[in-house]
Amino acid sequence: MPIPTPHINGIGAATPDHDIHHAFIGWAVEQLSDPRERSVFARMAERAGIDHRWSVLPRGADGGSPVNPGGFYAAGMPPTSARMQLYADAAPRLAIEAVANLPEPPDPAGITHLVVASCTGFTAPGLDQLIARGLGLDGSIERTLVGFMGCYGAVTALRNAYHIVRSEPGARVLVITAELSTLHLQPDDALEPLLAMLLFGDGAAAAIVSAEPRGLAMDRQFAATLPESEELIQWHVGDTGFAMHLSGEVPGRIGDALGDAEFQAAICNDAGPGAVDSWAVHGGGRSILDAVEKGLGIAPDALAVSRTILREKGNMSSATLMFALERVLQGPPVERGIAIAFGPGLAAEGFGYRSA
């Protein structure tokens, strides 16, 4: 019996309705005492390519910023325990909303496997069990929880589904990514961490992966870790949430790696970037997308989907790539596509795809 080709049959996405992007900019500027740094931050915010970032955070009494009276951060920085309590309540709800937004919401009885990726919270029972219960999935369903892998977590989750379908042709896998990055505001007054926090928003996405030849066919998987780069992206659990370290060196290192012929061959399967007619790239930030464009030597509009997601939603960690793939599914047919995301390691993870 031939090995089936796994397909992403459809993707649904969801974001909260609270736009915190401009409220954060106002707060962040006030944290900087040096007028020159304030000017730099304002300039970088203007050039970030982000118009909106959405959050599950309770609004202030005035309906605005979560740092205003009545907001989640009004009394200072809540402990990690309070943030995880909010995660355990809000993450499953946002994930279930994403499932409801699938083009064809699945019959719970038809789902054989559940794969969930998230790096912005911990809870037990796990997010996978909370989602399964909320969707009414059978208690015998096989579950996998992909945790703390950062922005390439969607690739890992989809790769799990890919291998499940290849080994079980009748499998119908529900893949979910759910990230609540805005739970982790930190009391920083330094420019670099504030610029890192400027990028992140909340979002969830859901996909159905099966052998049914509909949607995007998944093919060759790839992974690469850049040497001596493990300190460039770090995510530490602290007393006041998870603290992100995102080095300013990251875009340059990614651009250099993608400019290497051997690295390009590993990603593009020796065809070369010019042969790729669709790119779904994790929009980690404008500088990341600029580095990918320059390193691969691709046309300025090649990353239009990723730039649109970044502008409308910000960086939603692992969910971001799924949002990009949703837009690809809504677009013209694809002959040769590449999905790729970057994260801690510094690692690049991805896979090829084409329209069914």
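Our subject is the structure listed above.
*Asks:* For this particular structure, what's the right way to read the pattern of salt bridges?
*Replies:* Pairing is possible between side chains of opposite charge, provided their charged atoms come close. All chains considered together, the criterion is met by 12 salt bridges. With its nearest N and O atoms 3.2 Å apart, the salt bridge here joins R36 to D34. One continuous salt-bridge network, built from bridges that share partners, spans E104, R172, E212 and R214.

*Asks:* Even after reading the chapter, I still don't get empty space enclosed by the protein, so can you show me in this structure?
*Replies:* A water-sized probe, rolled over the atoms, reveals where empty space remains. Considering all chains together, one arrives at 1 cavity of 30 Å³ or more under this definition. Forming the walls of the largest cavity are F222, A223, A224, F263, A266, I267 and A348. Secondary-structure elements contributing two or more residues to the lining of the largest cavity are β8 (216-225) and α8 (261-268). A class-by-class count of the residues in the lining of the largest cavity yields 7 nonpolar, no polar and no charged.

*Asks:* Help me understand the pairing of strand β7 (residues 202-210), please; the structure alone is not making it clear to me.
*Replies:* Residues in a regular strand point their side chains to alternate faces of the sheet. The element β7 is largely enclosed, with a buried count of 9 among its 9 residues. Neither face of β7 is open: one carries D202, A204, A206, I208 and S210, the other G203, A205, A207 and V209, and all of them are buried. For strand β1 (residues 7-14) and β7, the ladder comprises 7 bridges, and the chain directions are antiparallel. Bridge pairing in β7 places A13 opposite A205. Note: strand β6 (residues 172-180) against β7, 9 bridges, orientation antiparallel. If you follow I176 over to β7, its bridge partner there is A206.

*Asks:* Looking at this structure, how should I read the sheet that holds strand β4 (residues 113-118)?
*Replies:* Sheet strands pair via backbone hydrogen bonds, and the direction of the pair is either parallel or antiparallel. Read from one edge of the open sheet, 9 strands run β5-β4-β6-β7-β1-β8-β13-β12-β11, paired in mixed fashion. What marks the edges here is a single partner per strand, and that holds for β5 (142-147) and β11 (278-281). Taken pair by pair, the neighbouring strands of this sheet meet at an average axis angle of 25°, ignoring direction. Pairing of β8 with strand β13 (residues 347-355) involves 8 bridges; the strand directions are antiparallel. Counterpart to L216 in the pairing with β13 is S355. Most of the contacts of helix α11 (residues 319-330) go to β1, to which it runs at about 115°, and overall it touches β1, β6, β7, β8, β11, β12 (337-343) and β13.

*Asks:* In this structure, what is going on with the nonpolar core? I would like to understand it.
*Replies:* A general trend in soluble globular proteins is that nonpolar side chains are found buried together. Counting residues in each nonpolar core, the largest one holds 77 residues, and the members touching the most others are F41, L174, I176, W279, V292 and F342. Sort the elements by how many residues they give to this core and helix α3 (residues 80-100) lands first, with 9 residues. Those residues in contact with F41 that lie beyond four places of it in its chain are F24, I25, A28, V29, L32, L191, L194, L195 and L198. Of all hydrophobic cores here, the second largest spans 39 residues; its members include Y152, V155, A205 and M218.

*Asks:* Can you walk me through unusual backbone geometry in this structure?
*Replies:* Negative phi is the rule for most residues except glycine; trans is the rule for most peptide bonds. Residue P125 follows A124 across a cis peptide bond; omega there is 0°. Along the polypeptide, P125 turns up in the loop between β4 and α4 (127-135). The peptide bond linking G345 to L346 adopts the cis configuration, its omega dihedral lying at -15°. When you line up the elements, L346 lands in the loop between β12 and β13. Despite not being glycine, F148 shows a phi value in the positive range, around 60°. Along the chain, F148 turns up in the loop between β5 and α5 (153-167). In the Ramachandran plot, E228 falls in the positive-phi region, its phi being about 50° despite a non-glycine side chain. Looking at the element boundaries, E228 is found in the loop between β8 and β9 (233-238).

*Asks:* Is there a simple way to explain the layout of surface pockets in this structure?
*Replies:* Put simply, the largest pocket is a space of about 620 Å³. What lines the largest pocket is a set of 28 residues, and nearest its centre among them are L199, L246, P251, G285 and S287. The set of elements that each furnish at least two residues to the lining of the largest pocket consists of α2 (35-47), α6 (191-197), β10 (241-246), α7 (250-258), α9 (286-296) and β12. Counting residues per element, the lining of the largest pocket draws most heavily on α9, which supplies 4 residues.

*Asks:* I'm lost on α7 in this one. Help?
*Replies:* One turn of an α-helix holds 3.6 residues; hence residues three or four places apart share an orientation. Of all the residues in α7, the buried ones are V250, P251, I254, G255, A257 and L258. Taken down its axis, α7 places every buried residue within 165° of arc, on the same side. Structurally, α7 contributes buried residues whose contacts are with β9, β10, α8, α9 and β12.

Each value, and the rule that gives it
Residues numbered from 1 in each chain as written. Predicted model: local features only at pLDDT ≥ 70, side-chain atom pairs only at ≥ 80, totals over all residues. Heavy atoms only, no water. Salt bridge = Lys/Arg side-chain N within 4 Å of Asp/Glu carboxyl O. 1 Å grid on protein atoms, 1.4 Å probe; cavity = no way out; pocket = protein on both sides within 12 Å on 5 of 7 lines; lining within 4 Å. Points joined across faces, edges and corners; volume = space filled by probe spheres on them. Helix = DSSP H or I, 4+ residues; strand = E, 2+ residues; numbered from the N terminus. Nonpolar A, V, L, I, M, F, W, Y, C, P; charged D, E, K, R; others polar. Buried < 20%, exposed > 50% of the residue type's maximum accessible area, 1.4 Å probe, protein only. Pairing = 2+ DSSP bridges. Axes fitted to C-alpha atoms, helices over the stretch in contact; angles between N-to-C directions. Contact = heavy atoms within 4.5 Å. Core = buried A, V, L, I, M, F, W, Y, C linked by side-chain atoms within 4.5 Å. Arc of directions from axis to C-beta.

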